[in-house]
Amino acid sequence: MLPQACARQIGDSFADYNAQFRAVTRRAPARFDDRNWKASQADAVERIELYDRCVNGTVAALKLRLGDSTHDRELWRAIRAEFSALIAPLPDRAFSKTFFSSITRRLFGTVGVAPELEFVATELDSLGEIEPRSSQGLESTLYANRGSLQLLIEDLLGDRRFRSSWRDLEKTCSQVTAEINAQLGAIGERRTVESLEIIRPVFFQFTRAYIVGRLNGREFTRPIVIALKNTGDGILVDAVMLGEDDISIVFGYSRSYFNVDLERVNDTVLFLRQLMPRKPVSELFTVLGRAKQGKTERYREVMQQLARSADQFVHAPGERGLVMVCFTLPSLDVVFKLIRDRFPYPKNILRQEVLDKYHFVFRHDRAGRLIDAQEFKRVRLPRARFTPELIDELFSETAGTVTADGDDLIFDHMYIERRMVPLNLFLRDASPEDAERAVIDYGQSIRDLAYTNIFAGDLLLKNFGVTRHGRVIFYDYDELCQVTECRFRELPEASNDEDEMRGEAWFYVADNDVFPETFINFLAFNDAQREAFLRVHAEILTADFWRQVQERLNVGEALEVLPYHPKRLRLTGAKP
């Protein structure tokens, strides 16, 4: 029977994708043991590209099998029903449904949603509305206190198996115990830690491994994340984090995805949601490497918010961009971005180049400083929820992307990302102390991007945002490039007064030439903010700093950008 055969083919294709996904993920412990960070980065790219490759292969195979019946909607209704029955007993069924929907959307070019042909996000098994509970399928280990916290930590760390040995495990256990006691004491928590519940698989991300779980006492729990570093001379603990904010940064939407081999992803997401209740489910799926499921959950979040709210889409706060039209729903913490049909002067870039840059960021190590922009196609939203001013701009500036269809607007292409406060607006309203912290972190953001071979290009404050944790993140990618592609130069000295007074460069400037000492001229700091920036980050304004970074990148050095809060570093003498 054809519907059953097609359903089985799609089920087998998803199983093959999932097996390949987990096979790449399982390389992570060996990469950590071997300190093979280049291979780790290559694995991350391979895993990201795997989904589209498997979907495209399945679509091509189904076209060959179905021939003239490829677009028979009645046939696909039957295939959908057979597939639903086929996956009923499986864990993480939503992943299989999302895979099925990806196939039908590509076959039919679905606009909005087609419930008869796909599994609509709003009908998938919901995690976002589930109250915190114990997950029966969670792959975890419970360590009970056998008389002291130190013995508990010894049980935990001694149970972590790597080919590399620990570097003084006894001392490490003592230091971790002292750090936990210090952090609990700082918040006035004096009750005894009775147990640790730890997710059994270790979480790997570039050069670090993480033990993730929670510590339990009588009538209290705290999240715990322990960061591990392989020094080459042994493994040591690099940080201990018990605060929700610190842990949320580790699992942040501006970080690269974890490699963690999970049998039941849903149950892990439920557990992580208990540790970080303010983090959307969509971001938890995404940071675990399940980016397509993260998109499905984000779409669900948007649709649910539209159903339970009455506010309208409006222009996003901040200056209007020359490349993107940005709008937001005030009651939802995301921004929607559309590429304009035309880019006014001085922008000199093509639409495809913008798409390529966003795709580059999607595959690149974001290092906590580049926002994860999720790409959506053929999205349908109710026209009545848009302000007249926004509709006017959409039809005048993005007519190639936006069309009207009855009571709806159809968006052929858009990006959705978390909303932040634009840095220029933040500095305008912040206290002097908060402004100084943001200015210094802005400089650190530029450094961190450089260490991951990213030059932001346009360093204007309006292109950076401030998160609820006070971290400064870059989100405007149209002029982004790699540090190794640039030529960083000092400004030549003028040979006469006439050259000095010219309004434009009197010397030759190539397309890839960058003059760091001019950066400060474009940054709208007040005197106090400018002084703070120069006090901490003056070397960013020198060509020598950038050339040194280039040299380190060109010889293959892995430059680390850690997600820890600074006060959580160097428990055992590790370098930050």
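For the structure, check the block above.
Calculation notes
Starting afresh in each chain, residues are numbered from 1 along the sequence in its written order. Local features are withheld for residues below a pLDDT of 70 in this predicted model, meaning they are given only at 70 or higher, and side-chain atom pairs are given and counted only at 80 or more; totals for whole chains, interfaces and linings count all residues. Neither water nor hydrogens contribute to the side-chain values; these are computed over all heavy atoms in the structure. Elements are defined by DSSP. Helices are runs of H or I of four residues or more, strands are runs of E of two residues or more, and each kind is numbered from the N terminus. The globule rule used here is 2.2 Å times the number of residues to the 0.38 power, and the radius of gyration it is set against is calculated over C-alpha atoms. Remark: exposure states derive from per-residue accessible area (1.4 Å probe, protein chains only) relative to the maximum for the residue type, with buried under 20%, exposed over 50%, and partly exposed in between. Within this analysis, the arc is defined by the directions that extend from the helix axis to the C-beta atoms. Contact criterion: two residues are considered in contact whenever any of their non-hydrogen atoms come within 4.5 Å of each other. Any pair of Phe, Tyr and Trp rings, taking the six-membered ring for Trp, is counted once the centres come within 6.5 Å. Such a pair is stacked with planes under 30 degrees apart, edge-to-face with planes over 60 apart, and tilted for the rest. Throughout this description, the term charge over a ring refers to an Arg CZ or Lys NZ atom that lies within 6 Å of the ring centre and within 35 degrees of the ring normal. As used in this structure description, the phrase polar contact means that two N or O atoms lie within 3.5 Å; if the pair is within protein, one of them must be able to donate a hydrogen and the other to accept it, and residues adjacent in sequence are counted only when both atoms belong to side chains. We define a nonpolar core as any set of buried Ala, Val, Leu, Ile, Met, Phe, Trp, Tyr and Cys residues linked to one another through side-chain atoms lying within 4.5 Å. DSSP calls a pair of strands paired once it identifies at least 2 bridges connecting them. Between N-to-C directions, angles span 0 to 180 degrees; the directions come from axes that are lines fitted to C-alpha atoms, helices contributing only their stretch in contact. Whenever a carboxyl oxygen of Asp or Glu lies within 4 Å of a side-chain nitrogen of Lys or Arg, that contact is scored as a salt bridge.

## What about the overall build of the chain?
Scanning the chain from terminus to terminus reveals 18 helices and 17 strands. A globule of 576 residues ought to have a C-alpha radius of gyration of about 25 Å, and the chain, at 25 Å, matches this closely. On the principal axes, the C-alpha backbone points of the chain span a range of 85 × 70 × 45 Å. Looking at the chain as a whole, 56% of its 576 residues qualify as buried.

## Observations concerning helix α13 (residues 388–397)
Three- or four-residue spacings in an α-helix give side chains the same orientation, since the helix completes a turn every 3.6 residues. Listing the buried residues of α13 in full gives Leu 390, Ile 391, Glu 393 and Leu 394. Seen from one end, α13 has its buried residues packed into an arc of 165 degrees, which puts them on one side. Opposite the packed face of α13, turned more than 90 degrees from it, sit the exposed residues Pro 388, Glu 389 and Asp 392. Buried positions along α13 lie against β7 (314–315), β8 (324–328), β9 (334–339) and β12 (408–418).

## Topic: the packing of aromatic side chains
Centre-to-centre distance and the angle between the planes together describe a pair of aromatic rings. Using the criterion set out here, one finds 42 aromatic pairs in the structure. Relative to Tyr 477, the ring of Phe 474 has its centre 5.9 Å away and its plane inclined at 50 degrees; by these criteria the two rings are tilted. Residue classification places Phe 474 among the buried positions, given a relative accessible area of 0%. A network of ring pairs unites the aromatic residues Tyr 358, Tyr 415, Tyr 442, Phe 464, Phe 474, Tyr 477, Phe 525 and Phe 533 as a single cluster. When the ring centre of Phe 21 is taken as origin, the NZ or CZ atom of Arg 290, which lies over that ring, is 4.0 Å away.

## So, helix α17 (residues 527–537)
Within α17, the full set of buried residues consists of Gln 529, Ala 532, Phe 533 and His 537. Angular distribution of buried residues about the axis of α17 spans 100 degrees; they occupy a single face of the element. Projecting away from the buried face of α17 at angles above 90 degrees are the exposed residues Asp 527 and Ala 528. Looking at the buried positions of α17, the neighbouring elements they touch are α14 (423–429) and α15 (432–451). Looking at where α17 begins, the residue whose side-chain oxygen comes 3.1 Å from the main-chain nitrogen of Ala 528 is Asn 526.

## Overview of unusual backbone geometry
For the bond from Tyr 345 to Pro 346, the omega torsion is 15 degrees, close enough to zero to count as cis. Tracing the sequence through the fold places Pro 346 in the loop between β9 and α12 (351–363). A positive phi angle is found at Ala 367, which is not glycine, with a value near 55 degrees. With respect to the secondary-structure elements, Ala 367 resides in the loop between α12 and β10 (374–382).

## Here's the deal with the side chain of His 364
Locating His 364 in the fold gives a position in the loop between α12 and β10. What makes His 364 buried here is its relative accessible area of 17%. A polar contact of 2.6 Å, which involves the side chain of His 364, links it to the backbone oxygen of Thr 452.

## Some words on the nonpolar core
Within the largest apolar cluster, 58 residues are counted, with the highest numbers of intra-cluster contacts made by Leu 423, Tyr 442, Phe 455, Leu 459, Phe 464, Phe 525 and Trp 546. Among the secondary structure elements, those contributing two or more residues to this core are α12, α14, α15, β14 (464–466), β15 (472–474) and α18 (543–554). With 55 residues, the next largest nonpolar core counts Leu 50, Val 55, Val 225 and Val 260 among its residues.

## Quick notes on the sheet that holds strand β13 (residues 421–422)
Sheet strands pair by backbone hydrogen bonding; their relative direction is either parallel or antiparallel. Within the open sheet, the 3 strands sit side by side as β13-β14-β15. Their pairing is antiparallel. On the outer flanks of this sheet lie β13 and β15, each paired with one strand and no other. In terms of strand pairing, β14 meets β15 through 3 bridges, oriented antiparallel. By the bridge assignment for β15, Gly 465 is matched with Ile 473. Most of the contacts of α15 go to β15, to which it runs at about 40 degrees, and overall it touches β14 and β15.

## Re the pattern of salt bridges
Summed over all chains, the structure comprises 50 salt bridges. A salt bridge links Arg 163 to Asp 34, with the nearest nitrogen and oxygen atoms 2.4 Å apart. Linking Arg 163 in the loop between α6 (149–158) and α7 (169–186) with Asp 34 in helix α2 (residues 28–34), this pair joins segments that are 129 residues apart in sequence. A single salt-bridge network, built from bridges that share partners, covers Lys 279, Glu 283, Arg 298, Asp 333, Arg 418 and Arg 419.

## Section: the environment of Glu 393
Mapped onto the secondary structure, Glu 393 falls in helix α13. The buried category is assigned to Glu 393, whose relative accessible area is 11%. For the pair Glu 393 and Val 325, spaced 68 residues apart in the sequence, the C-alpha separation amounts to 8.1 Å. Residues within four places of Glu 393 in sequence aside, it is in contact with His 315, Arg 320, Val 325, Arg 340 and Thr 398. In this structure the side chain of Glu 393 is engaged in a polar contact, spanning 3.0 Å, whose partner is the side chain of Arg 340.

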